[in-house]
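Geometric and topological summary
If you want the building blocks of each chain, they are given just below.
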Amino acid sequence: RKEVVLGVRPESLQIVGRDAPGLDIKVTLVEELGLEVFVHGQATDGTATLEGKDLVVRTVRSKAPSLDDVVRIAPLEEHGSRLFFDAQSGERIVKN
């Protein structure tokens, strides 16, 4: 049995409403790049495996939160951009 790390691209995540299932993050950086915005944050629910990890979600300027806001993020259903990596080597695990 091998330990793996799940990688998710920022464009595969979305900011959702407070009633939707997802993960709450505290916004630590709002990176405005033209029309799109990259929102950086850290989990607020005490999830040990995510502690100290920077989570990034891509959104549009009109939906961008402010610094220190708490927002809920969730995967986009139509995106398959979930990547798996070997926890020891860091190498990507590719499906055959």
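Up top is the structure.
Figured I'd write up the structure that's included with this text. (Residues numbered from 1 in each chain as written. Predicted model: local features only at pLDDT ≥ 70, side-chain atom pairs only at ≥ 80, totals over all residues. Heavy atoms only, no water.)

Side chains of V4, L6, V8, F84 and I93 sit close together on the surface and give an oily, nonpolar patch of about 400 Å² of accessible area. The element best represented in the nonpolar patch is strand β1 (residues 4-8), accounting for 3 residues. In this structure, V8 sits in strand β1. (Patch = residues over 30% accessible without salt bridge, like charges linked within 9 Å, V, L, I, M, F, W, Y side chains within 5 Å. Areas by Shrake-Rupley, 256 points an atom, 1.4 Å probe, with all protein chains shown as cover. Salt bridge = Lys/Arg side-chain N within 4 Å of Asp/Glu carboxyl O. Helix = DSSP H or I, 4+ residues; strand = E, 2+ residues; numbered from the N terminus.)

This next bit is on the side chain of D86. Here D86 lies in strand β7 (residues 82-86). Only 2.7 Å separates the side chain of D86 from the backbone nitrogen of Q88, close enough to count as a polar contact. (Polar contact = N/O pair within 3.5 Å; in protein donor to acceptor, adjacent residues only side chain to side chain.)

This brings us to the sheet that holds β7. Pairing is antiparallel across the open sheet formed by 3 strands, whose spatial order is β1-β7-β8. Each of the sheet's edge strands pairs with one partner strand only, and the pair in question is β1 and β8 (92-93). Pairing analysis gives 2 bridges linking β7 to β8, with the strands arranged antiparallel. Looking at β8, one finds that F85 is bridged to R92. (Pairing = 2+ DSSP bridges.)

As a further point, take the nonpolar core. If you look at the biggest cluster of nonpolar residues, it comprises 10 residues: L13, L23, I25, V27, V37, V39, L55, V57, V71 and I73. The element contributing the most residues to this core is strand β3 (residues 23-33), with 3 residues. (Core = buried A, V, L, I, M, F, W, Y, C linked by side-chain atoms within 4.5 Å. Buried < 20%, exposed > 50% of the residue type's maximum accessible area, 1.4 Å probe, protein only.)

The next point concerns unusual backbone geometry. Here D68, not a glycine, exhibits a phi torsion of approximately 75°, which is positive. Positionally, D68 belongs in the loop between β5 (55-60) and β6 (70-75).

Our next topic: the pairing of β3. Across 4 bridges, β3 lies against β6 in antiparallel orientation. Directly across from K26, in β6, lies its bridge partner V70. Where β3 lies against strand β4 (residues 36-43), 8 bridges are found, and the strand directions are antiparallel. Opposite L29, over in β4, you have H40 as the bridge partner.

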